[in-house]
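Per-entry structural report
The lines below spell out each chain.
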Amino acid sequence: MEHGSISDPSKSTFSLTDEDHTLANALRFTVNQDPRVAFCGYSIPHPSDNRVNIRIQTTGESAKDVLKDACQDLMLMCHHVRSTFDKAVGDFKISQTVKDMHIK
Amino acid sequence: MESGVEWIKELSDVPTGKLPPHLELQRTRVECKADAPIHTDTFQYSGAYASIGVDNSVRLDNFRDNFRVEVIRLTDEEMEFDMIGIDPALANAFRRILIAEVPTMAIEKVLIANNTSVVQDEVLSHRLGLIPIKADPRLFEFTENGAPTEKNTIVFKLHVRCEQGEPRLTVKSNELKWLPNGSEFPLVSESSSRGSSSKPRTYTSFNCSQDSLPEFSNNPISAMDNIIISKLGPGQEIELEAHAVKGVGKTHAKWSPVGTAWYRMLPEVVLLEEIEDKAAEQLKAKCPVGVFDIEDIGNGKKRAAVVRPRACTLCRECIRGGKEWEDRVALRRVKDHFIFTLESTGALPPEVLFTEAVKILEDKCERVISELS
C-alpha cells in the first residue's frame, strides 16, 4: 500500500485501492491543511483501475503519520458535520410543527 | 526608537496577520465577469499566505466554530439546506457519495415465466430494475455470491393478464406483490428428481419468512406506486418474479438513492455604485429572476437595490450591455457557502441519506487508518 524510499520516510506515495476522487480529493485537502506538509497531490493512474495514488512530502515528519493524522482530522470533521446537521434538522422539524399548529 | 517601530508597523506592506482586502476577496469569493468567472480556485495549502504572515491552515477547533447548517426546506422526498464554512473538497465528497455509494435495494434478477406483452423481456427487466423499492437497505446485507436468503433478497411477484374482450390494461408497479417467503418458482432440475414429501427447492433459500422478522412485520415492503411497467392488449399476459438485492450507484444507477444531489455556491450581488432613476429601471428589467428592485429615496428619485440575491442564476444578463454595467454590478459567489439540494427516490428520507453519506466517508477514513497501522 505504501511505496516510498525506505531511507527517507518523509516522502512517500500511498496507493489506495477501491477509492476514487471522493476520498482522495478530501484527503488532499486535509493533508494540505497540515503545516508539516511541503507537498501533497493525488492521481488516478488509469481510469479502469480502481486505485488512487496519493503523494505526500513533508518537512521532516513521517509521511505515514501525517496521512494518518489527516484521516483522523477528516473523520472528526465528518463527525462534526453529522452532529451539526442532525441538530439543524431536529430544530427545523420542531419549528415546522410549531408553525403547523399556528395554522390550525 | 519606539516610535520608529510604530512607524514601520504602519507601512502598508508589513504583515498584520490579516489578509489585505483584495486578497481576502480572492480567497473567499468567485468573481463572475461578463466573459468568464475569475478566482475560482480554493487555497488549500496551509502556507499559501505564509509570506504575509497569515496562517491558512484549518484547525479543527476553528472549523467547529465556523461550520453551520441551515435547513431551508424538508419534505419526505426532498430537502434543501445551506452548508456554511466547509471546503468544496468535502462538500463534493458528500455529493459524490450520495449519488454513487449510499446503498439501496433494486431489482437485479427477473425470472420470466411468461411474457406475451409487446415489451420485450430485456426491456421489461430493465424497467423493473429502475423502480425504487421502499425498503430500508440498512436491514439487508450485500449478496456475496452465495444463495439468496431472507437477509439479502426481496422477492416480488408480478402476474397480470388482460382477458379477451377486455379493454387494454395498464400494468403499474402496484401489481408487484411482495413474497416474504421467497421465490415460488421450483428449480427445474429438483422438481423431477425429488419426491413430493419434502418442500420443493426454489430459486431462493429463505430460512424464515421475512414478515416474521420484527423489522418488517408491521411495515410490509413495497415498490414505488403508480409507475407504468407495461400495457397489455387482450389475451396478453405477464408472469414473472423479480429479485431485489442491495447495491450501490456506482455499479448501476438503479441503486442510486437520490434522483439528484447537487449544490451551488451562494450568489452575492453587490452594487458598486448608486444606480438611480432610468438606469435603475433598466437594471430591474434586465434580470429575469427578479434579483433587483427599486426603492424610492424621496424627491421623486428612485434607487436600485438588491433584494433577492439567492435567486440569482448567474445568467450575467445584468452585466451585459457594455463596460459601464460591469462597473456598476459585481456578481460573486461565496466559496464556502453551499446550497445543497437532494431528492430521495423513496427508500430513505433525505435527511437520513445525508447522514449515511457522511458515515460512509468516515468509514473510508477508518479503513485507511487501519491499513496504515
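Chain B carries the name DNA-directed RNA polymerases I and III subunit RPAC1 in an unreviewed UniProt entry, which gives Ziziphus jujuba as its organism. Entered under Subcellular location (unreviewed entry) in the UniProt record, the comment concerning chain B runs "Nucleus". Reading the Sequence similarities (unreviewed entry) entry of the UniProt record for chain B gives the comment "Belongs to the archaeal Rpo3/eukaryotic RPB3 RNA polymerase subunit family."

Taking an unreviewed UniProt entry as the reference, chain A is identified by name as DNA-directed RNA polymerases I and III subunit RPAC2 belonging to Ziziphus jujuba. Checking UniProt for chain A, the heading Subcellular location (unreviewed entry) contains the comment "Nucleus".

This part is about the sheet that holds strand β9 (residues 177-178) of chain B. All names here are of chain B. If you walk across this open sheet you meet the four strands as β5-β12-β7-β9, and the pairing is antiparallel. The two strands at the open ends of the sheet, each matched to only one other strand, are β5 (104-115) and β9. Inspection of the sheet shows strand β7 (residues 153-161) paired to strand β12 (residues 237-247) by nine bridges, in the antiparallel sense. When the sheet's bridge partners are listed, H159 is paired in β12 with E239.

Moving on, we get to the domain arrangement of chain B. You can read the domains of chain B as domain 1 (15-52) and domain 2 (104-189 + 199-255). If you average the C-alpha positions of domain 1 of chain B and of domain 2 of chain B, the two centres end up 54 Å apart.

Once that is clear, we can look at the packing of aromatic side chains. For the coordinates displayed, the defined rule picks out twelve aromatic pairs over all chains. Centroid distance F81(B) to F340(B): 5.2 Å. Interplanar angle 15°. Geometry classified as stacked. Of this pair, F81(B) sits in strand β4 (residues 78-84) while F340(B) sits in strand β16 (residues 329-344), and the two are 259 residues apart along the sequence. Each member of the pair, F81(B) as well as F340(B), is classed as buried. Their ring planes at 70° and their centres at 5.5 Å tell us that F94(B) and F354(B) sit as a pair that is edge-to-face. Here F94(B) is found in helix α4 (residues 88-100), whereas its partner F354(B) is found in helix α10 (residues 350-372), with 260 residues between them in sequence. The pair F94(B) / F354(B) is uniform in exposure class, with both members buried. Linked through ring pairs, F85(A), F81(B), F94(B), Y263(B), F338(B), F340(B) and F354(B) together constitute an aromatic cluster. Positioned over the ring face of F142(B) is K246(B), at 4.9 Å from the centre of the ring.

Residues and elements named next belong to chain B. Take S230: it is sitting in strand β11 (residues 228-232). For S230, a relative accessible area of 3% gives the class buried. Filtering out sequence-adjacent residues up to four positions away, S230 remains in contact with S117, V119, L124, L169, T170, V171 and I238.

All right, on to the state of the cysteines then. Disulfides are covalent bonds that link the sulfur atoms of two cysteine residues. Residue and element names in this part refer to chain B. Under the definition given, this model contains zero disulfides over all chains. Of the cysteine sulfurs around C315, a residue in no disulfide, the closest is that of C287, at 5.9 Å. The partly exposed category is assigned to C315, whose relative accessible area is 29%.

Okay, the environment of A304(B) next. Residues and elements named next belong to chain B. With respect to the element layout, A304 can be found in strand β15 (residues 302-306). For the pair formed by A304 and Q282, sequence separation is 22 residues and the distance between their alpha carbons is 9.5 Å. The contacts of A304, once residues within four sequence positions are left out, are L271, I275, A280, L283 and D293.

Looking now at the interface of chain A and chain B. Across the boundary between the two partners, chain A contributes 42 residues, which contact 44 residues of chain B. Across the interface of chain A and chain B, roughly 4,200 Å² is buried in total on both sides, 69% from carbon and sulfur atoms. Interface area lost by chain A to chain B is led by T22(A), Q33(A) and F85(A), which between them contribute 16%. On inspection of chain A and its partner chain B, the count reaches five salt bridges. Two residues, R82(A) and E362(B), come together in a salt bridge whose shortest N-O distance is 2.9 Å. Between chain A and chain B we count twelve residue pairs in polar contact (both at pLDDT 80 or more) in total. Elements with a minimum of two residues in the side of chain A that touches chain B: β2 (11-17), α1 (21-32), β3 (37-43) and α2 (63-103) of chain A. No other element matches α2(A), which puts 22 residues into the side of chain A that touches chain B. Of the residues belonging to the side of chain A that touches chain B, the class tally is 21 nonpolar, ten polar and eleven charged.

The next subject is the packing of α4(B) against α10(B). Residues and elements named next belong to chain B. Two elements in contact, α4 and α10, have axes whose closest approach is 9 Å; the angle formed by their N-to-C orientations is 110°. Compared by their axis directions, α4 and α10 come out roughly perpendicular. In this structure, α4 contributes L90, A93, F94, I97 and L98 to the contact, and α10 contributes L353, F354, A357, V358, I360, L361 and K364.

The next thing to look at is the pattern of salt bridges. Summed over all chains, the structure comprises 39 salt bridges over all chains. We note a salt bridge from E78(B) to R73(B), for which the minimum N-O separation is 2.7 Å. For E78(B), a relative accessible area of 26% translates into the label partly exposed. Put simply, E281(B) and K302(B) hold a salt bridge, and the shortest N to O gap is 3.4 Å. Remark: K302(B) occurs in strand β15 and E281(B) occurs in helix α8 (residues 277-286); sequence separation between them is 21 residues. Relative accessible area serves as the criterion here: at 38%, E281(B) is assigned to the partly exposed category. Each of E19(A), E101(B), K250(B), K364(B), R367(B) and E371(B) takes part in one network of salt bridges that share partners.

Cut-offs applied
Residues numbered from 1 in each chain as written. Chains lettered and ligands numbered in written order. Predicted model: local features only at pLDDT ≥ 70, side-chain atom pairs only at ≥ 80, totals over all residues. Heavy atoms only, no water. UniProt positions renumbered as here; feature names shortened; annotations may be inferred. Pairing = 2+ DSSP bridges. Helix = DSSP H or I, 4+ residues; strand = E, 2+ residues; numbered from the N terminus. Domains from an automatic or database assignment. Phe/Tyr/Trp six-rings, centres within 6.5 Å; stacked < 30°, edge-to-face > 60°. Buried < 20%, exposed > 50% of the residue type's maximum accessible area, 1.4 Å probe, protein only. Lys NZ or Arg CZ within 6 Å of the ring centre and 35° of its normal. Contact = heavy atoms within 4.5 Å. Disulfide = S-S within 2.5 Å. Buried area = accessible area lost by both parts, 1.4 Å probe. Salt bridge = Lys/Arg side-chain N within 4 Å of Asp/Glu carboxyl O. Polar contact = N/O pair within 3.5 Å; in protein donor to acceptor, adjacent residues only side chain to side chain. Nonpolar A, V, L, I, M, F, W, Y, C, P; charged D, E, K, R; others polar. Axes fitted to C-alpha atoms, helices over the stretch in contact; angles between N-to-C directions. Parallel < 35°, antiparallel > 145°, perpendicular 65-115°, else oblique.

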